[in-house]
Amino acid sequence: MNSKYFILMFLLTIVLQTTYGQQRQYLSSDLQLYDLYGPVASVQLSEYNTIHFDRQGRLMKKDPEEEIVRDKFGRIIVDDYLWGIGGDGQYLLEYEYNNDGTIATISTDAWEYYQKEYFFYDPLDKLYMKVVEWSDLLISGVDVIEYTILETDRHGNWTKRIVDNKSIVTDFEVSGHENGVREKHTTSEIETRRITYYSE
């Protein structure tokens, strides 16, 4: 009885490991940052935000002055670039990874704004939730964001999903409230992205 149980558990472990390996075949760690499979050339996240990759799946610089620092595994750990009209602003992004290579946190420092994103995965290593702590001079907040995928393309990349956001915002600008005024907000919206691929 016990031997049959252990054999069954052993076979189940092999199946799960095989499934896991098949599901996490990213072309590069850069594509994994954006949860993208296959030979992705670009992904359009919004009207003014399109990210480009080379044929090896490495992130292409947004401008010549952008500085990308990688660790010994080739993963991005620092991304420093200018933004705004005339490059009058600066974004500094710092990345930390889990032991399995998935992204754990992204910290963003942009002038007087700071945020840190924490990423959470299900047992199949699919991103299902993100927690964002953010603050500027007079306002701070925490967003708990959950994702539900609605549509995927032939590579298994999501192209449409529901984004449910529960946030707590503290406003320190309101007069007469030393500890600020705290408000809770709940939103739900549809998010889409357009992905182009290199020919295979």
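Above this text you will find the structure in question.
Quantities reported herein were computed from a predicted structural model and do not represent experimental measurements.

J.: Explain the overall build of the protein residue by residue, including any values.
T.: The helix and strand inventory of the protein stands at 2 helices and 12 strands. When the helices and strands of the protein are placed in sequence order, the string is α-α-β-β-β-β-β-β-β-β-β-β-β-β. A total of 200 residues make up the protein; the buried ones form 34% of that total. Within the protein, contacts between residues at least 6 apart in sequence are counted, and of these 33% link residues at least 24 apart. As displayed, the protein has an accessible area near 13300 Å², and 54% of this comes from carbon and sulfur atoms.

J.: Can you break down the pattern of salt bridges residue by residue, with the values?
T.: For the structure on display, the rule yields 6 salt bridges. One salt bridge connects D30 with R70, and the closest N-O pair in it is separated by 2.8 Å. Of this pair, D30 sits in helix α2 (residues 29–33) while R70 sits in strand β3 (residues 67–70), placing them 40 residues apart in sequence. Given the relative accessible area of 2%, D30 is considered buried. The exposure class of R70 is partly exposed, given its relative accessible area of 21%. Linking R75 and D71 is a salt bridge whose minimum nitrogen-to-oxygen distance equals 2.9 Å. A relative accessible area of 18% means that R75 is categorised as buried. Each of K62, E66 and D79 takes part in a single network of salt bridges with overlapping partners.

J.: If you had to explain the nonpolar core to someone new, which residues and values would you point to?
T.: Of all hydrophobic cores here, the largest spans 18 residues; its most connected members are L36, F53, I76, Y95 and I103. When contributions to this core are tallied by element, the ones reaching two or more residues are α2, β1 (40–46), β4 (76–83), β5 (89–97) and β6 (103–110). Per-element accounting of this core gives the leading share, 3 residues, to β5. Those residues in contact with F53 that lie beyond four places of it in its chain are D30, L31, Y34, L36, V40, A41, S42, V43, R58, L59, M60 and Y198.

J.: Can you tell me about unusual backbone geometry, naming the residues and giving the values?
T.: Although it is not a glycine, D35 sits at a positive phi angle of roughly 55 degrees. For D125, which is not a glycine, the phi torsion comes out positive at approximately 70 degrees. In this fold, D125 is placed in the loop between β7 (113–121) and β8 (127–135). What makes D125 buried here is its relative accessible area of 7%.

Procedures and definitions
Residues numbered from 1 in each chain as written. Predicted model: local features only at pLDDT ≥ 70, side-chain atom pairs only at ≥ 80, totals over all residues. Heavy atoms only, no water. Helix = DSSP H or I, 4+ residues; strand = E, 2+ residues; numbered from the N terminus. Buried < 20%, exposed > 50% of the residue type's maximum accessible area, 1.4 Å probe, protein only. Contact = heavy atoms within 4.5 Å. Areas by Shrake-Rupley, 256 points an atom, 1.4 Å probe, with all protein chains shown as cover. Salt bridge = Lys/Arg side-chain N within 4 Å of Asp/Glu carboxyl O. Core = buried A, V, L, I, M, F, W, Y, C linked by side-chain atoms within 4.5 Å.

The values reported here are purely geometric and, on their own, carry no functional implication.
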